[in-house]
Amino acid sequence: MSKELVYIISPYAGNVQANVAFAIRCCRMAIQQGFVPIAVHLLYPQILNDKDPVEREVGLELGLNILRHCAAAWVCGTRISPGMEGEIQAAQQLNIPIKYVEEIT
């Protein structure tokens, strides 16, 4: 198994239940491929209130701090939310390789 951290970028807001289930599938796929997935949107909304703009911003900043330590970022699915776009831009600025994964098994 690889010890490479992969930052999972997938939707959260909207249909939260379906989006969380999708993020979990993305993480499982990364594990099956030998990576260590990091999906901050499965963690920080449990601790911080995503509906509070100040707490949401804290969560986004915490996520970006973790992104800096990842070997790659995977953009999962075909819909890009504004939060995902920010993560993609940050990965590009940090020269972190980005993989687009449309099919999640």
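Refer to the structure printed above.
All values reported here derive from a predicted model rather than from experimental measurement. (Residues numbered from 1 in each chain as written. Predicted model: local features only at pLDDT ≥ 70, side-chain atom pairs only at ≥ 80, totals over all residues. Heavy atoms only, no water.)

Draft legend 1. Here's a closer look at the packing of helix α3 (residues 53-67) against helix α4 (residues 82-93). Contact pair α3 / α4: the axes reach a minimum separation of 11 Å and the direction vectors enclose 30 degrees. Judged on the interaxial angle alone, α4 and α3 are roughly parallel. For the pair α3 and α4, the crossing hand works out as right-handed. Taken together, the residues of α4 that come into contact with α3 (itself represented by Arg56, Leu64 and Leu67) are Gly83, Glu87, Ala90 and Ala91. Residue classes in the contact of α3 with α4 are distributed as 4 nonpolar, 1 polar and 2 charged. (Axes fitted to C-alpha atoms, helices over the stretch in contact; angles between N-to-C directions. Helix = DSSP H or I, 4+ residues; strand = E, 2+ residues; numbered from the N terminus. Parallel < 35°, antiparallel > 145°, perpendicular 65-115°, else oblique. Left-handed = near helix turned anticlockwise from the far one by under 90°. Contact = heavy atoms within 4.5 Å. Nonpolar A, V, L, I, M, F, W, Y, C, P; charged D, E, K, R; others polar.)

Draft legend 2. The sheet that holds strand β4 (residues 98-101), seen in detail. An order of β2-β1-β3-β4 is seen for the 4 strands of this open sheet, with the pairing classed as parallel. Across the chains shown, the open sheet's two edge strands, defined by having one partner strand only, are β2 (36-38) and β4. Direction aside, neighbouring strands of the sheet carry axes that sit 30 degrees apart on average. Where strand β3 (residues 72-76) and β4 come together, 4 bridges link them in parallel fashion. Bridge pairing in β4 places Ala73 opposite Ile98. (Pairing = 2+ DSSP bridges.)

Draft legend 3. Examining the pattern of salt bridges more closely. Inspection of the entire model under this criterion finds 1 salt bridge. Arg56 serves as the salt-bridge partner of Asp50, at 2.9 Å between the closest nitrogen and oxygen. (Salt bridge = Lys/Arg side-chain N within 4 Å of Asp/Glu carboxyl O.)

Everything listed is a geometric property; what it means functionally is a separate question.
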